[in-house]
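# An overview of the molecular structure
Here's the letter readout for the chains.
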Amino acid sequence: MACIFCKIASKEIPADILYEDELVVAFKDAKPIAPVHILVIPKEHIESVADLKDNHEVLAGRMIMVARRLAEELGISENGYKLLFRVRKYGGQEVPHIHLHLLGGARLSENIKPVE
Ligand code: 5GP
Ligand code: ZN
């Protein structure tokens, strides 16, 4: 059974898609934590950054370049933004299909500290 982001990539379940090409899809996060909150995912199911292989270099670069271009188009580039990959359990990753968070439209706090 396909994972939820595979289903978004294949249009089996709806999402507010802002960009798509042969490698990636970008869509609005369902529960935004910033005025702009977009996820960029590969169409290929790869669980996390830790699972990338050498042949994924172009794909990984594409994800960043798409986020960069969307930030520009959405007018949040000049003030700046965050790009975030959560990786596996300690990174707080909840959906096991790589996704790059594009977060912006406001000054965002740092909140990275050990839980325990
Ligand atoms: P993570 O915590 O894995 O880095 O982030 C997962 C993100 O996916 C969360 O920000 C969550 O709101 C978003 N998300 C989870 N399920 C869906 C969905 O079905 N549709 C959309 N658009 N976003 C989702
Ligand atoms: Zn998937």
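Let us look at the structure shown here. Everything quoted here is computed from the prediction, not taken from an experiment. (Residues numbered from 1 in each chain as written. Chains lettered and ligands numbered in written order. Predicted model: local features only at pLDDT ≥ 70, side-chain atom pairs only at ≥ 80, totals over all residues. Heavy atoms only, no water.)

Let us look at the environment of Leu23. Position of Leu23 relative to the elements: it lies in the loop between strand E1 (17–20) and strand E2 (24–28). Overall, Leu23 belongs to the partly exposed group, its relative accessible area being 25%. Setting aside residues no more than four positions away along its own chain, Leu23 makes contact with Ile41, Pro42, Lys43, Val58, Leu59 and Arg62. (Helix = DSSP H or I, 4+ residues; strand = E, 2+ residues; numbered from the N terminus. Buried < 20%, exposed > 50% of the residue type's maximum accessible area, 1.4 Å probe, protein only. Contact = heavy atoms within 4.5 Å.)

We now examine the coordination of the zinc ion (ligand 2). Reference geometry at the metal: tetrahedral coordination by four donors gives ideal angles of 109.5 degrees; octahedral coordination by six donors gives 90 or 180 degrees. Taken together, Cys3 (SG), Cys6 (SG), His45 (ND1) and His97 (ND1) make up the full set of protein donors to the zinc ion (ligand 2), lying 2.0 to 2.3 Å away. Coordination geometry of the zinc ion (ligand 2): the four donor atoms subtend angles of 104 to 118 degrees at the metal centre, consistent with an arrangement described as tetrahedral. In primary-sequence terms, the residues that donate to the zinc ion (ligand 2) follow C-x2-C-x38-H-x51-H. Placement of the pair is Cys6 in helix H1 (residues 4–9) and His97 in the loop between strand E4 (81–84) and strand E5 (100–104), with a sequence separation of 91 residues. We note that Cys6, like His97, is buried. (Donors = N, O, S within 2.8 Å, 3.2 Å for Na, K, Ca; no water. Tetrahedral: all angles 85-135°; square planar, octahedral: opposite > 155°, others 65-115°.)

The phi torsion at Lys11 lies on the positive side, around 70 degrees, for a residue other than glycine. Considering the arrangement of structural elements, one finds Lys11 in the loop between H1 and E1. Of note, the phi angle at Arg88 is positive, near 55 degrees, even though the residue is not glycine. Tracing the sequence through the fold places Arg88 in the loop between E4 and E5.

All right, on to the environment of Cys6 then. Residue classification places Cys6 among the buried positions, given a relative accessible area of 17%. Expressed as a C-alpha distance, the spacing of Cys6 and Leu102, which sit 96 residues apart in the sequence, is 19 Å. Those residues in contact with Cys6, other than ones at most four positions away along the chain, are His45 and His97.

This part takes up the site of ligand 1. Around ligand 1, a shell composed of 17 residues is seen, among which Lys28, Asp29, Glu94, His99 and His101 lie nearest. Here a nitrogen atom of ligand 1 sits 3.2 Å away from a polar atom, N or O, in the main chain of Ala30. Here Val95 contributes a backbone N or O atom positioned 3.0 Å from an oxygen atom of ligand 1. Relative to its free-state accessible area of 530 Å², ligand 1 is covered by the protein chains to the extent of 81%. In this structure the site holding ligand 1 corresponds to the second largest pocket. Among the elements of the structure, H1, E2 and strand E3 (36–42) are those that each provide at least two residues to the shell around ligand 1. For the shell around ligand 1, the element with the most residues is H1, which contributes three residues. (Near = heavy atom within 4 Å. Polar contact = N/O pair within 3.5 Å; in protein donor to acceptor, adjacent residues only side chain to side chain. Areas by Shrake-Rupley, 256 points an atom, 1.4 Å probe, with all protein chains shown as cover. 1 Å grid on protein atoms, 1.4 Å probe; cavity = no way out; pocket = protein on both sides within 12 Å on 5 of 7 lines; lining within 4 Å. Sits in = over half its atoms within 2 Å of the grid points.)

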